[in-house]
There are 2 protein chains.
Amino acid sequence: MPQTPEIDRSHDPARRSLVASADGHPDFPVQNLPFGVFSTAAAPVPRGGVAIGDMVLDLAALRDAGLAPPEVGAALAAAADAPLNAFFALGAPARRALRLFLSDLLSGGDPARVLPLLVPMDQARMGLPFDIRGYTDFYAGIQHAMNVGRLFRPDNPLLPNYKYVPIGYHGRVSSIRPSGTPVVRPLGQTRPPGAEAPVFGPCARLDYELELGAFVADPNPLGLPVPVGEGFGRIGGFCLLNDWSARDVQVWEYQPLGPFLAKNFATTISPWVVTAEALAPFRVAQDPRPGGDPAPLPHLWDAGDQAHGALDIEVEALILTQAMRAAGAEPALLSRGSLRGMYWTFGQLLAHHASNGCNLETGDLLGSGTISDPDSPGSLLELSRGGQAPVALPGGETRSFVQDGDEIILRARTRPRAGAAGIGFGDCRAVVGPAP
Amino acid sequence: MPQTPEIDRSHDPARRSLVASADGHPDFPVQNLPFGVFSTAAAPVPRGGVAIGDMVLDLAALRDAGLAPPEVGAALAAAADAPLNAFFALGAPARRALRLFLSDLLSGGDPARVLPLLVPMDQARMGLPFDIRGYTDFYAGIQHAMNVGRLFRPDNPLLPNYKYVPIGYHGRVSSIRPSGTPVVRPLGQTRPPGAEAPVFGPCARLDYELELGAFVADPNPLGLPVPVGEGFGRIGGFCLLNDWSARDVQVWEYQPLGPFLAKNFATTISPWVVTAEALAPFRVAQDPRPGGDPAPLPHLWDAGDQAHGALDIEVEALILTQAMRAAGAEPALLSRGSLRGMYWTFGQLLAHHASNGCNLETGDLLGSGTISDPDSPGSLLELSRGGQAPVALPGGETRSFVQDGDEIILRARTRPRAGAAGIGFGDCRAVVGPAP
């Protein structure tokens, strides 16, 4: 059973930062301190950084400045090097100690020594935070599973295994890109309605999927399952994840072995790893299952995980079309959802993944599956009911699916909570370009 | 359109080796020269090697001996370093030049200088040849697809997409192990016949799948498809692949997103990379599709690929049970098949994989899918007809599925061909141990 989430002075909502833009920042106040990998035009070697307001604390510069006490020296040295695998492999106590040092430094440190270590965020080029060697996408948003199931299998929307098995599949690692990287519209095989033979051409039903991703910190050896009560504790942090999907390709290719080319052309993630430690105040009890639903099998149920394994986070997806951009308009909201809608906790997803002895490695990425609220689904497929009901956008445009030039923007914030400063994930965004 | 396979003096069947055990060796005569990564107890740093008879040529020792002419120096230096990604990324011309040098050295070189560079194969500990970052398993054995389809979906064995889409899914990279690594029987969720709720426990229907794997050598950038005529040319070499499968887990979990825990607990590969160059004499025309089958869509069809893109290779699976081992018996044959039974060429598989812009990387592993001949299927699921017809083994044992203590051994050899020396892959073997 995991311990109660540890709250320390780094979470104090009264804490202010010597970086003025951090105070009241919706994503990166001093209570967040997410880790990422960045470079600049002037210093192109990727290195570790921490987001604080609209600045990035350069961890390599901090390491070289010699401001850290010996007890966090090893953690700082690891976090200063890109990618962040070695740092997260050090485990939660090392992350917690470094976080506390950084929090004290960025709130009560000497501005004359700290401010020179900051880089304006708009000058930072963000890379992938980890050398990701495994990517698994789950399907834990039950509302999404029901919505999509209804479109793909009207008579059989939720399959009999759904409430017992945290359904997931292996995704493609090589096409994961950080926020800001354009997405090329994929080509693919699709079968026109009524036709017997398929055709090959640009995807006509390109979609986004609004997800949260979790990064594994603590590995397990091959052959050794992870108790569900230890599942959450092995996750180092979280990001936003857009699981781009070619719906017309997917419906033709997905049987019997699941999605493949419909998904593996691109996955966009937000570049900042919001740590499990930063989210400690927002760990909540898993919502009870609806009456009549079966209890999870014993290897997927733990009292501590049920008490503290859910995350009180709200997510949203927005669109900025070419026309909206030209008109100087703000992005328009498409989807809004809550992580509370996940049928399984991340601890259950991780324990299920390792339950057969599959070994997870530091930096592995686990996607939640699309987060759909009953009245605000997390993909255009659901919003437009399979293209039948185009979504109206400000300015008179409509969308059934994503068009070239559209930018999709995902965001996530903790739900307001008494006694805690809200934190966020920063943007996960990408513009779609034409097929080759 | 790819060029006609290049045959040079390294393929000459009359060529003899100064390593006596190589002459007439069923797998590793001087005409093969597969690359691998090995270490020894005395020299535990992994390094590149080449199999020759029952010996391994130590490429690091060869590099240090200074016997190579300058024009192959860079290729030898890359091949001497483990893993082999950097070497295979150099491309086919560099591989061909190094192969020719090694062939000349191991046939006509000075024994006094060459023999000290050899390590007995039974002293070599083989590792994975590549840093594998992507693993995709296809389903190109149409006989297997029909056999399994009949068991999983009696009324609908071959789905309508099969003859248009080279069906595949992403596998798990972290659990790929070289031949000789024991496999731990997985735990998993299964639903007993007639029950509504599943149970969790050791897999009761553990199976092997007899496959060939292809390693990508030449990468393609994200967003840029690969013409099918270039597909085969981007493959650097091949291995045997056992896609271990938990059938009882698979049938319960696989809908709608495909196999996951039923497969990702272990994949065993043979450690020697038989190069595309070594297989040049065994590249043959793809068998014509049965009358009535649709032609591949244009992006999956190329005259050169059809003329030279199939491989004339025979594969087999054998079993050695604990009782057979105790009795000193030989392994018993379970499956025998031909790569000619693949419905798609490896060139078509690779081109399909990249057709949506998905980027493939050097060292990526592509599995063929199970190779089943009509009268000799490549898995126990098929052989025992879903467990209904246990297979009789010598000594009076029977098997419906793999039991603890069983060793499964895969082998592959080229089909005898006038004017060419046959070559093989070496063993791909693993013993199954009990669940944790």
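What counts and what doesn't
Residues numbered from 1 in each chain as written. Chains lettered and ligands numbered in written order. Predicted model: local features only at pLDDT ≥ 70, side-chain atom pairs only at ≥ 80, totals over all residues. Heavy atoms only, no water. UniProt positions renumbered as here; feature names shortened; annotations may be inferred. Helix = DSSP H or I, 4+ residues; strand = E, 2+ residues; numbered from the N terminus. Contact = heavy atoms within 4.5 Å. Buried area = accessible area lost by both parts, 1.4 Å probe. Salt bridge = Lys/Arg side-chain N within 4 Å of Asp/Glu carboxyl O. Nonpolar A, V, L, I, M, F, W, Y, C, P; charged D, E, K, R; others polar. Phe/Tyr/Trp six-rings, centres within 6.5 Å; stacked < 30°, edge-to-face > 60°. Buried < 20%, exposed > 50% of the residue type's maximum accessible area, 1.4 Å probe, protein only. Lys NZ or Arg CZ within 6 Å of the ring centre and 35° of its normal. Domains from an automatic or database assignment.

Some words on the UniProt feature "domain: Fumarylacetoacetase N-terminal" (unreviewed entry) in chain A
The feature "domain: Fumarylacetoacetase N-terminal" (unreviewed entry), as annotated in UniProt, sits at residues 31–129 of chain A in this numbering. The span residues 31–129 of chain A shows a helical share of 41% and a strand share of 20%, and its end C-alpha atoms are spaced 20 Å apart.

Concerning the interface of chain B and chain A
Taken together, the contact pairs 61 residues of chain B with 61 residues of chain A. Where chain B abuts chain A, roughly 5,500 Å² becomes buried across the two surfaces, and 60% of that area is made up of carbon and sulfur atoms. Broken down residue by residue, the surface that chain B buries against chain A is led by His170, Leu257 and Phe260 of chain B, which jointly contribute 14%. Applying the counting rule to chain B against chain A returns four salt bridges. When contributions to the side of chain B that touches chain A are tallied by element, the ones reaching two or more residues are strand E6 (135–138), strand E7 (168–170), strand E10 (187–190), strand E11 (199–202), helix H7 (247–253) and helix H10 (346–354) of chain B. Here the side of chain B that touches chain A gets three residues from one element, more than from any other, and that element is E7 of chain B. A per-class count over the side of chain B that touches chain A returns 32 nonpolar, 19 polar and 10 charged.

Points about the packing of aromatic side chains
Residues and elements named next belong to chain A. Throughout the structure, instances matching the rule amount to 28 aromatic pairs over all chains. Aromatic side chains Phe232 and Phe238 sit 6.0 Å apart centroid to centroid with 35° between the ring planes, which places their arrangement in the tilted category. When sorted by exposure, Phe232 lands in the same class as Phe238, which is buried. An aromatic cluster is built from Phe35, Phe87, Phe88, Phe130 and Phe215, whose rings are joined through pairwise contacts. In this structure, Arg283 is placed above the aromatic ring of Phe232, and the distance from its NZ or CZ to the ring centre is 3.9 Å.

Section: the UniProt feature "domain: Fumarylacetoacetase-like C-terminal" (unreviewed entry) in chain A
Here the UniProt feature "domain: Fumarylacetoacetase-like C-terminal" (unreviewed entry) sits at residues 137–431 of chain A. Secondary structure content for residues 137–431 of chain A is 14% helix and 27% strand, while the C-alpha to C-alpha distance between its ends is 22 Å.

What to know about the domain arrangement of chain A
Reports of interface size often rely on the accessible area that becomes lost once the parts have come together. Residue and element names in this part refer to chain A. By the assigned domains, chain A splits into domain 1 (9–126) and domain 2 (135–433). One C-alpha centre belongs to domain 1, the other to domain 2, and the line joining them spans 28 Å. On the side of domain 2, 27 residues touch domain 1, which itself brings 25 residues to the contact. The contact between domain 1 and domain 2 buries some 2,000 Å² in all, and 62% of this surface belongs to carbon and sulfur atoms. For the pair domain 1 and domain 2, the interface holds two salt bridges. For Asp27, the salt bridge identified is with Arg413, shortest N-O distance 2.8 Å.

Considerations on the environment of Ala354 of chain B
Residues and elements named next belong to chain B. Relative to the assigned elements, Ala354 resides in helix H10. Overall, the relative accessible area of 0% leaves Ala354 in the buried class. Placed 133 residues apart in sequence, Ala354 and Pro221 show a C-alpha to C-alpha distance of 9.4 Å. In this structure, Ala354 is in contact with Asn220, Pro225 and Val226, ignoring residues within four places of it in sequence.

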